[in-house]
Amino acid sequence: MSTSPPPVSEPDPSALTCPGDRVGLCAGCQPKTYRYGTGGCPLCQWCMASAQEKWGPAVRYLSTRS
């Protein structure tokens, strides 16, 4: 079972290691996370862990860009 996400005021650790132009808000719980560019994810590590618990470890997301 995963832990609950931190408050919105605390960023995901991935946001601290990526360039500032690749930081965005988590699509699930809204703290800052590494969202854009190669290696980015629309979900923070806590929301992604929750999705993997629900759907399995192979869960992925689709790009909505055309």
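Residues numbered from 1 in each chain as written. Predicted model: local features only at pLDDT ≥ 70, side-chain atom pairs only at ≥ 80, totals over all residues. Heavy atoms only, no water.

Here we take up the overall build of the protein. Within the protein, the secondary structure is distributed over 1 helix and 2 strands. Starting at the N terminus and walking to the C terminus, you meet the elements of the protein as β-β-α. For the protein, the residues scored as buried account for 27% of the 66 residues in total. (Helix = DSSP H or I, 4+ residues; strand = E, 2+ residues; numbered from the N terminus. Buried < 20%, exposed > 50% of the residue type's maximum accessible area, 1.4 Å probe, protein only.)

With respect to the helices and strands, the residue Thr-33 is situated in strand β2 (residues 32-34). There is a polar contact of 3.3 Å between the side chain of Thr-33 and the side chain of Ser-14. Non-local contacts of Thr-33, meaning those with residues more than four positions away in its chain, are made with Asp-12, Ser-14, Ala-15, Arg-22, Val-23, Gly-24, Leu-25, Cys-26, Cys-41, Leu-43 and Cys-44. (Polar contact = N/O pair within 3.5 Å; in protein donor to acceptor, adjacent residues only side chain to side chain. Contact = heavy atoms within 4.5 Å.)

This part covers the confidence of the model for the protein. When pLDDT is averaged along the protein, the result is 82; 85% of the residues meet or exceed 70. When pLDDT is averaged over each element of the protein, strand β1 (residues 23-25) comes out on top at 91 and helix α1 (residues 45-55) at the bottom at 88. (pLDDT = per-residue confidence, 0-100.)

Our next topic: the side chain of Asp-12. For Asp-12, the location among the structural elements is in the segment before β1. Despite its burial, Asp-12 pairs with no opposite charge; the closest candidate is Arg-35, at 11 Å N-O. One polar contact links Asp-12 to Ser-14, side chain to side chain, over a distance of 2.6 Å. What Asp-12 contacts, discounting residues up to four positions off in sequence, is Lys-32, Thr-33, Cys-44, Gln-45 and Trp-46. (Lys, Arg positive; Asp, Glu negative; His and termini not counted. Salt bridge = Lys/Arg side-chain N within 4 Å of Asp/Glu carboxyl O.)

Another aspect to go through is unusual backbone geometry. Residues other than glycine seldom take positive phi values, yet Gln-30 does so here, at roughly 80°. Tracing the backbone shows Gln-30 in the loop between β1 and β2.

The next subject is the state of the cysteines. All told, the structure shown has 0 disulfides when counted by the stated rule. The thiol of Cys-29 is unpaired, and the distance to the nearest cysteine sulfur, on Cys-44, comes to 3.6 Å. (Disulfide = S-S within 2.5 Å.)

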